[in-house]
Amino acid sequence: MLTGKITMANGAVIPFELYEEEAPITVGNFVKLIKEGYYDGKTFHRVIKNFVSQGGCPYGTGAGDLGYTIPCETKNNPHKHVTGALSMAHRGKDTGCCQFFICHEPQPHLDGVHTVFGCVTDNMGAVRNMHNGDVMTSITLDE
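As the structure is a prediction and not an experimental result, all values here were calculated from the model. (Residues numbered from 1 in each chain as written. Predicted model: local features only at pLDDT ≥ 70, side-chain atom pairs only at ≥ 80, totals over all residues. Heavy atoms only, no water.)

**Thoughts on the environment of K80**
Selection rule: Helix and strand labels come from DSSP, where a helix needs a run of H or I of at least four residues and a strand needs a run of E of at least two; each type is numbered from the N terminus. Note on contacts: a residue pair qualifies if any of its non-hydrogen atoms lie within 4.5 Å across the two residues.
You can see K80 is positioned in the loop between β4 (52-55) and β5 (85-88). In the structure, K80 is positioned 51 residues away from N29 in sequence and 20 Å away in space, judged by C-alpha atoms. With residues near it in sequence (within four places) discarded, K80 still touches A85, D111 and V116.

**Let's talk about the pairing of strand β7 (residues 116-120)**
As a reminder, the rule being used: Exposure categories follow from relative accessible area, calculated using a 1.4 Å probe and restricted to protein chains: below 20% of the type maximum is buried, above 50% is exposed, and the middle band is partly exposed. For two strands to be treated as a pair, DSSP must find no fewer than two bridges joining them.
Most of β7 is tucked away: five of the five residues are buried. Examined bridge by bridge, β5 and β7 share three bridges and lie antiparallel to one another. Across the sheet, A85 pairs through a bridge with C119, a residue of β7.

**Description of the side chain of H114**
Among the structural elements, H114 can be located in the loop between β6 (100-103) and β7. Ignoring any residue separated from it by four or fewer positions in sequence, one finds H114 in contact with T74, H81, S87, M88, A89, H90 and F101.

**Thoughts on the state of the cysteines**
Heads up, the condition is: Count a disulfide wherever a pair of cysteine sulfur atoms falls within 2.5 Å.
If you walk through the whole model with that rule in mind, you get zero disulfides. No disulfide involves C97; its sulfur sits 4.0 Å from that of C98, the nearest cysteine. For C97, a relative accessible area of 3% puts it in the buried group. We note that C103 lacks a disulfide partner, and the nearest cysteine sulfur, in C119, lies 8.9 Å from it.

**Focus: the pattern of salt bridges**
Where charged atoms of side chains with opposite charge meet at close range, the side chains can pair. In plain terms, the rule: The salt bridge definition used is simple: a Lys or Arg side-chain nitrogen within 4 Å of an Asp or Glu carboxyl oxygen.
For the coordinates displayed, the defined rule picks out three salt bridges. As a salt-bridge pair, K32 and E36 come within 3.3 Å of each other at their nearest N and O atoms. Its relative accessible area of 53% is what places E36 among the exposed residues. With its nearest N and O atoms 3.4 Å apart, the salt bridge here joins R91 to D65. In this pair, R91 sits in the loop between β5 and β6 while D65 sits in the loop between β4 and β5, placing the two residues 26 residues apart along the sequence. By relative accessible area, which is 61% here, R91 ends up exposed.

Listed below in structure tokens is the structure:
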């Protein structure tokens, strides 16, 4: 199982696991971006209390991507938008790229719409206490 952590500029560490069997394309894309250092210094630009923290936009606005898209992997994916779910943000079916979000609480209306590709395994307090503009120092994988 692939695991890793998001390290925030405020010192918070948010560990996660990835669902590579259920969402191989999404996890592969996320891992590639992590290994390239893409997320280093990016912000969580959209934090809505009791809903989600969204980050990974190249511009920090929510309007950017990297010039490519990946397909949604919702069919036959058993994972739901539970507390701590890592899910791919998009502007419509099959338009995900680099932005992702973490659910603060269950969001069943997103099930089958966005690809759940992992889950925060500890320190949800740090996720729930985020503010718009909080910076990810890095996202790393455990080797």
